[in-house]
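# Structure assessment
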Amino acid sequence: MKRLLFSALLTLACSAAAQGQLKVAHYFDPLGGSHLVASLEWLEGVTEVFRSQSEDTRVDYELFAWDEIDQRMVVDQQAGVAHDVTFASSQLTPRHAAAGSLQDISAFVEQWSPEELEDLSWSPVWEAGYPYGIPTGVHIRLMAYRTDLFEEAGLSPPTTLDELVEQAKTLTRDTDGDGEIDTWGLGIYLGSQRATAELAFTPLVWHFGGDVWDAESGEATFASDAGVQAAQFLSDLVHEHKVTPEWVVAGNYDDVVLRGLLDGQFAMTWGYGSYWISVLEDEGLTQGCWPATVDCTSTGASVFVTPTDGGAQFGNSWIVGVHGRSQQPELAFDYIEAMVESGTLEGFADGGLPARQSAWNAPEYDSDFYRAWFDAVARGRSMPTTTRFNELADAMTAALADIVLRGLPVEQTLERYQREYNASYAGE
């Protein structure tokens, strides 16, 4: 009996080896919401396309939590655990590159036609992930505003920071005369989450002509003149102009930027993400905009590009790449090609806005609403390519908390946090 069982197991093992097996790591937990259910169904469709071209290959899915998949790929690389295809976060590409948990796929991509390469490499998220991954969509941020409040005040979206501040003053109002402000002109998140560094502070540093980290030296540079101006601007919104309440340093990003707009607490919010387009539709503030249609119109809220010099906001995406331990990178890349194929990629529910430039030529993206999103994507920038970005973001966020909440001097506070960061992580 034991001999027969061993023989049967050996036959199954040989059959599997002959058939071939591809492991695909993803985060599409069907218990996580309808968008993840739709994404899993999309992945199954990709597998069907791949299997039609590689009939002898079995595809096995490996489910990870969305906020743990990057870490697991790094840990498994170090532990000798192999995967083949995996999703990853574009802003964590430097960490994967340092750990070897994603393979360089440039040799495969270089075989694409110039047209195919241009169609996928046009946005900043390509640069953030390549050559370790291909973007599966785009997440970008801009300004969202209540069109009803703007129309009531006779305003149109601002195009400069000065205009932004002046309009925010006009829109900050005590509507019932009880001495308490009911509507604030500008909501911008300044709390302890990483969004403060990514969406509020860094884009303003870019506006003032600086950057928060130097790639050549590997040192933080957020205490530069540009950083000082950026931090002062944020502090002034709260304390001098009084268009933003102090409580934006508490709570979380969603409460300030999303709920604040929906509830009418803010006339406009800074750092509104493309992942919330569907919420505007659900709340009746847009009509025919999610999913995108040719009839997309604003019925209470709309968006405009952040009115900084260059209009750059943080752009990122889920990328798909080949795990560092994969022994079959060619086959893994065949699966990736089936995934990012034109006409297939657009069906990825959790991908965000289209990764392919050609997809934006469809009639449903020709509305003013989506033209603003397109402009924001084209102007977007990635976060610094340091493997210590989390620590860098924490340092900037903590400095801003001391400046805005505790009233500590701007320049000295930034310099102290920059000095502490560089003492621990310079060169990484």
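The rules behind the values
- Residues numbered from 1 in each chain as written.
- Predicted model: local features only at pLDDT ≥ 70, side-chain atom pairs only at ≥ 80, totals over all residues.
- Heavy atoms only, no water.
- Helix = DSSP H or I, 4+ residues; strand = E, 2+ residues; numbered from the N terminus.
- Rg over C-alpha atoms; globule rule 2.2 N^0.38 Å.
- Buried < 20%, exposed > 50% of the residue type's maximum accessible area, 1.4 Å probe, protein only.
- Contact = heavy atoms within 4.5 Å.
- Lys, Arg positive; Asp, Glu negative; His and termini not counted.
- Charge placed at Lys NZ, Arg CZ, Asp CG, Glu CD.
- Core = buried A, V, L, I, M, F, W, Y, C linked by side-chain atoms within 4.5 Å.
- Pairing = 2+ DSSP bridges.
- Axes fitted to C-alpha atoms, helices over the stretch in contact; angles between N-to-C directions.
- Parallel < 35°, antiparallel > 145°, perpendicular 65-115°, else oblique.
- Left-handed = near helix turned anticlockwise from the far one by under 90°.
- Nonpolar A, V, L, I, M, F, W, Y, C, P; charged D, E, K, R; others polar.
- Right-handed = clockwise from strand over helix to strand, strands pointing away.

### With respect to the overall build of the protein chain
Looking only at helices and strands, one finds 17 helices and 13 strands in the protein chain. Taking 22 Å as the expected radius of gyration for a compact globule of 428 residues, we find that the protein chain reaches 24 Å, a close match to that expectation. Overall size of the protein chain, expressed as C-alpha extent along the three principal axes, is 85 × 55 × 45 Å. Relative to its full complement of 428 residues, the protein chain shows a buried share of 53%. Contacts in the protein chain between residues far apart in sequence, at least 24 positions, make up 71% of those at least 6 positions apart. In the protein chain, 23 positive and 65 negative side-chain charges are present, and the distance between their average locations comes to 9 Å.

### Here we look at the nonpolar core
In this structure, F201 and W373 are the most contacted members of the largest nonpolar core, which totals 93 residues. Among the elements that take part in this core, helix α16 (residues 389-404) stands out by supplying nine residues, more than any other. Every residue in contact with W373, bar those within four places of it in the chain, is listed here: I140, L142, Y272, G273, S274, I277, V303, L353 and W360. If you look at the next biggest cluster of nonpolar residues, it comprises 38 residues, including L22, V109, Y335 and L345.

### Some points on the sheet that holds strand β6 (residues 187-188)
Read across the sheet, four strands follow the order β6-β9-β5-β12 without closing on themselves; strand pairing throughout is mixed. Since the sheet does not close on itself, it has two edges, and those belong to β6 and β12 (301-304), each with one partner. Note: strand β5 (residues 141-146) against strand β9 (residues 268-273), five bridges, orientation antiparallel. Opposite A144, over in β9, you have T269 as the bridge partner. Against the sheet, helix α10 (residues 195-207) contacts β5, β6 and β9, and its axis sits at roughly 100° relative to β9.

### Some words on the packing of helix α11 (residues 225-239) against α16
Running from N to C, α11 and α16 point in directions that differ by 40°, and their axes come no closer than 10 Å. One element, α11, and the other, α16, form an angle in the oblique class. The interaxial crossing formed by α11 with α16 has right-handed handedness. Counted together, A231, L234, S235, V238 and H239 of α11 and L400, I403 and V404 of α16 form the full contact between these two elements. Taken together, the residues of the contact of α11 with α16 break down into six nonpolar, two polar and no charged.

### Things to note about the pairing of strand β2 (residues 58-63)
Where strand β1 (residues 21-26) lies against β2, six bridges are found, and the strand directions are parallel. Within the sheet, the bridge partner assigned to Q21 lies in β2 and is R58. Of the crossover connections in this fold, the one passing from β1 over helix α2 (residues 34-53) to the parallel β2 is right-handed.

Spatial relationships are all this shows, so hold off on functional conclusions.
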